[in-house]
Amino acid sequence: MPSTLLPREPSSTMTRRHFLVGLGASAGLVLGELFRYFPVYAQSFPDNAPITPFRFVQLTDTHLGYTGDANREVSRSLGLALKAIQGLTPSPDFILMTGDLTEFTTSAAARKARLILFRDTLEQTKIPLYAVAGEHDALLDRGKLYASVIGDLRYGFSHKGVQFIGLDNVSRGFFLGGDQLAWVKNQVQQLDPARPLIFFCHAPLYNVFAPWNWYTYDGAALRQLVEKFSNVSVLYGHVHQLITAYTANLYQVAALPTAWPLPAPGELVKLRPWPQGATHPYLGLGFRVVDVNATGRLLISNVRLDKEEEVYHAARLV
Amino acid sequence: MRHGWFKRVIVLAVFSCGMVGSAHGEAVRLPNPFRHRIEVPKIPRRDASVPTIARGAALFARACLSCHGPRGDGEGFAQFPGITAPPLNQLSASEWSATRIAHAIQNGDGAMPEWGLVLSPTEIQSLTLYIESLNGHVAPIPKSPSA
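Residues numbered from 1 in each chain as written. Chains lettered and ligands numbered in written order. Predicted model: local features only at pLDDT ≥ 70, side-chain atom pairs only at ≥ 80, totals over all residues. Heavy atoms only, no water.

**Topic: helix 6 (residues 178–189) of chain A**
All names here are of chain A. Its 12 residues place the ends of helix 6 16 Å apart at the C-alpha level, agreeing with the 16 Å of an ideal helix rising 1.5 Å per residue. When helix 6 is considered as a whole, its buried residues turn out to be Gln180, Leu181, Trp183, Val184, Gln187 and Val188. Taken end-on, helix 6 shows its buried residues confined to a sector of 155 degrees, consistent with a single buried face. Residues of helix 6 that are buried sit in contact with strand 4 (155–159), strand 5 (162–166), strand 6 (197–200) and helix 7 (219–225). (Helix = DSSP H or I, 4+ residues; strand = E, 2+ residues; numbered from the N terminus. Expected span 1.5 Å × (residues − 1). Buried < 20%, exposed > 50% of the residue type's maximum accessible area, 1.4 Å probe, protein only. Arc of directions from axis to C-beta. Contact = heavy atoms within 4.5 Å.)

**Quick word on the pattern of salt bridges**
Residue and element names in this part refer to chain A. Tallied over the full model, the rule gives 9 salt bridges over all chains. The partner of Asp69 in a salt bridge is Arg72, and the shortest N-O contact between them spans 3.7 Å. The partner of Asp120 in a salt bridge is Arg119, and the shortest N-O contact between them spans 3.4 Å. Using a relative accessible area of 27% as the deciding quantity, one classes Asp120 as partly exposed. (Salt bridge = Lys/Arg side-chain N within 4 Å of Asp/Glu carboxyl O.)

**Description of the sheet that holds strand 7 (residues 232–236) of chain A**
Residues and elements named next belong to chain A. Ordered in space as 4-5-6-7-9-8, the 6 strands form an open sheet in which the pairing is mixed. Each edge of the sheet is formed by a strand with only one pairing partner; in this case those strands are strand 4 and strand 8 (244–247). Pairs of neighbouring strands in the sheet enclose a mean axial angle of 20 degrees, with direction left out of account. Looking at chain direction, strand 7 and strand 9 (residues 250–254) are connected through 5 bridges and run parallel. By the bridge assignment, Tyr236 is partnered in strand 9 with Ala254. In the packing of helix 6 onto the sheet, the strands contacted are strand 4, strand 5 and strand 6, and the crossing angle to strand 5 comes to about 170 degrees. (Pairing = 2+ DSSP bridges. Axes fitted to C-alpha atoms, helices over the stretch in contact; angles between N-to-C directions.)

Here you go:
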């Protein structure tokens with residue numbers, strides 16, 4: 001008897017239609033999983049649309065997984081920051097995370113777990129996330145785990161007429177490297193120098209204090225690449241405090257961390273955080289709200305976790 | 001007698017005029033401090049492509065001091081929890097040849113950056129010379145290719 005005349009067993013046989021439906025579903029699952037692991041960075045880049053005013057938040061140095069006296073509950077201070085961010089009116093279009101999502105660990109499994117914890121925590125806010133790695137996340141394995149859990153180490157995107165470029169100046173050392181500089185050169189050649197350009201990275205692109213690794217070895221080479229641009233800002237973290245500097249045509253600003261503050265640079269001593277204060281546990285912690293107006297200028301507001309009423313106290317138009 | 005006294009006065013007057021005149025003449029010959037130029041001989045500089053310990057020391061201060069310490073003894077100012085940068089002033093010459101030191105700088109390992117991505121081969125050789133000098137190894141005297 002020909003086998004085609006036998007009654008079909010749905011569990012053991014598959015028609016072409018079933019196969020295609022299954023294939024499509026599998027592809028969807030795989031793509032869904034990919035986008036879960038790789039946040040959607042791809043937007044039109046460059047973007048020639050007129051600038052529409054918008055708001056975004058800079059979050060930095062959350063150091064999830066840290067245990068010690070500098071912050072006895074890093075997840076709690078991150079939760080406070082996220083709660084404040086979710087309560088902002090108008091709400092931010094996205095969160096820009098400038099590195100050190102997790103605390104350094106030599107265990108790859110622990111690092112992966114911490115990165116997943118960060119990703120899942122941020123996903124609960126329902127606010128899109130654009131992140132770059134810090135040296136705590138990426139130096140030990142050259143960013144491999146970070147790339148698999150969070151996303152690309154460097155990328156560019158445009159949002160409502162403003163150009164953003166995320167840089168990796170930590171995963172191979174505190175430098176950009178010739179390959180990345182060539183990539184940036186190729187990116188900026190496609191961009192309009194009259195439009196605002198915002199770099200975001202972990203370490204500063206100038207020498208804040210090299211003995212504490214607060215610098216980018218070849219940052220000057222990047223500054224030369226954007227000489228023609230009239231409005232360039234660099235948002236960075238790493239230094240765990242507010243530092244502002246104009247270097248040639250670049251306006252470079254560091255944001256408050258949510259983990260712990262660090263001393264001001266200048267003394268040739270070992271870099272150590274202070275123990276968290278019992279009376280002011282969130283002193284020196286916070287995040288940044290950036291409002292971009294129609295001319296592309298940035299209104300920067302630094303929000304302190306210990307004094308929410310001072311949200312706009314440090315507002316500054318750039 | 002009176003004639004002899006007059007002669008001596010005349011000779012003395014002429015001698016005095018000569019002294020004043022010669023002093024005045026020397027003052028005229030002095031160079032004008034605002035006009036004369038001092039020609040400084042040019043100091044010959046080494047070829048930039050030649051590695052030197054001095055360049056290595058400058059690079060060390062910029063790129064290595066933060067983790068390995070100003071003396072290269074591992075007492076750096078910025079460290080990661082759980083790991084420390086190894087001391088670079090206790091390297092045995094038999095285990096750490098110049099080639100191995102240069103390889104470590106070039107390729108990195110773990111938290112040690114891949115400096116070969118930003119430093120030139122000459123700069124890596126300069127750093128190698130400096131690290132060898134920290135250990136008292138006899139550093140070879142580099143020679144210019146043109147010499």
